[in-house]
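# Analysis of the macromolecular model
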Amino acid sequence: MKVFAYSYRKFDEAPYFEKYCKELGIELGYTEEDPTLENAHLAAGYPYISILLTRVDAALVEEFARLGVKMISNRLIGVDHVDVKRAKELGIRISNAPYSSNCVADYTLMLMLMSIRRMRQILRRNEMNDFTLPGIQGMEMANLTVGVLGTGKIGRTVIRDLHGFGSRVLAYDLYENDEVKQYATYVDLDTILRQSDMLTLHMPLTDENFHLLDREAFAKMKDGVVLINTARGPLVDTNALLDALESGKVGAAGLDVVEDEVGLYHHDWKNTVIHNRFIPLLRGFNNVILTSHKAYYTDQSVSDMVRNSLLGCYNAEHGLPNPFEV
């Protein structure tokens, strides 16, 4: 069978592609370029394509369908950057690639600790040999109520890890999980917004939860609440967040994702004006830690992403049960 990989990264993905293609008997074609209408022809003759976090809109889906593509396999968990509806209308199947939940959970805890200990301010002062104390007093995890929105695999891992810090943990999800109930208490959305000292997001992006945290949601939160987002940027109304940061309603934020990041992150724009105005505005707050969608990025996760993307294609080709299909 044949798979064509777009956005192929020689510096980290290549050894895993070589390993798993050999194990699964896959003939691989690839380009380091992101998929576009201009290079879609490269996938001709390949029933399966593998992509990363790049926009695949209706026009591009239609071109892939014309070329005979049967499946678009995403080397990430989320597929909100793909026009899934149009793909399915054209008979193109969609799969994703779940990876180790520890990578994002570890990063989430890091952002939590850096946020409540004012690490950005401390590091900035140290660079100027300013070793003073006023303005950098932190908080302790054991004294905080942490609200976890989304209790899928990553959310559950975060909750398990929070238990070791002694935090009171609240959880919100449309579907409750018995494992979570060992360490956290499920509550409704209104309660988790009102009672949490810190909120962390671990939901997939859907039409229903787009801008879940909007102006009305921020108004319900405690003054000085800490917000962590390692899930998807559009879960948060960024304009509302900016106002909440200015007013002090949000006391600190650790953000690995932001609205309108697709096609921006993981590329070098240092000599270019970036097309996202939220990024410089968020950087302007000394109580905001902003990173560029790196929470997933570990050796284990990259291996998982390549393997599961290819395995999704393999299962589809051989008519096997496919847990990766969306």
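Up top is the structure.
Let me begin by describing the structure that accompanies this report.

Cut-offs applied
Residues numbered from 1 in each chain as written. Predicted model: local features only at pLDDT ≥ 70, side-chain atom pairs only at ≥ 80, totals over all residues. Heavy atoms only, no water. Axes fitted to C-alpha atoms, helices over the stretch in contact; angles between N-to-C directions. Helix = DSSP H or I, 4+ residues; strand = E, 2+ residues; numbered from the N terminus. Parallel < 35°, antiparallel > 145°, perpendicular 65-115°, else oblique. Left-handed = near helix turned anticlockwise from the far one by under 90°. Contact = heavy atoms within 4.5 Å. Nonpolar A, V, L, I, M, F, W, Y, C, P; charged D, E, K, R; others polar. Buried < 20%, exposed > 50% of the residue type's maximum accessible area, 1.4 Å probe, protein only. Polar contact = N/O pair within 3.5 Å; in protein donor to acceptor, adjacent residues only side chain to side chain. Arc of directions from axis to C-beta. Pairing = 2+ DSSP bridges.

## As for the packing of helix H4 (residues 101-116) against helix H6 (residues 153-163)
For the pair H4 and H6, the least separation of the axes is 9 Å and the interaxial angle reads 50°. As far as their axial angle goes, H6 and H4 are oblique. Two packed elements cross with a definite hand, and for H4 against H6 that hand is right-handed. Note on element contacts: H6 touches H4 through Lys153, Ile154, Thr157, Val158, Arg160, Asp161 and Leu162, opposite Ser101, Asn102, Val104, Ala105, Asp106, Thr108, Leu109 and Met112. Of the residues contributing to the contact of H4 with H6, the split by class is seven nonpolar, four polar and four charged.

## Comments concerning helix H9 (residues 238-247)
Those residues of H9 not exposed but buried are Thr238, Ala240, Leu241, Leu242, Ala244 and Leu245. Measuring from the backbone nitrogen of asparagine 239 back to the side-chain oxygen at the start of H9 gives 3.2 Å, which picks out aspartate 237 as the cap. Phi turns positive, to about 90°, at glycine 248, one or two residues after H9.

## Quick look at helix H1 (residues 14-24)
The complete set of buried residues in H1 reads Ala14, Phe17, Tyr20, Cys21 and Leu24. Buried residues of H1, viewed axially, fall in a sector of 140°; they line one side. Away from its buried face by more than 90 degrees, H1 exposes Glu18, Lys22 and Glu23. Buried positions along H1 lie against strand E1 (2-5), strand E2 (27-30) and helix H11 (299-317). Of the residues flanking the end of H1, it is glycine 25, one or two places downstream, whose phi is positive at about 70°.

## Quick word on the sheet that holds strand E7 (residues 168-172)
Within the open sheet, the seven strands sit side by side as E8-E7-E6-E9-E10-E11-E12. Their pairing is parallel. Taken across any chain shown, the strands that pair with only one partner, and hence form the sheet edges, are strand E8 (185-186) and strand E12 (288-290). Note that strand E9 (residues 198-201) and strand E10 (residues 225-229) share four bridges and pair parallel. Bridging across to E10, leucine 199 finds its partner in leucine 227. Where H9 meets the sheet, its contacts fall on E10, strand E11 (250-255) and E12, and the angle it forms with E11 comes to roughly 135°.

## Quick look at the sheet that holds strand E3 (residues 48-51)
What the five strands build is an open sheet, ordered E2-E1-E3-E4-E5; its pairing is parallel. Each edge of the open sheet is held by one strand with a lone partner, namely E2 and strand E5 (93-95). Within this sheet the neighbouring strands show an average axis-to-axis angle of 25°, counted without direction. In this sheet, E3 lies alongside E1 in parallel orientation, the contact comprising three bridges. Looking at the pairing, phenylalanine 4 lines up with isoleucine 49 of E3. Running over the sheet, H11 touches E1, E3, strand E4 (71-74) and E5 and is turned about 155° from E4.

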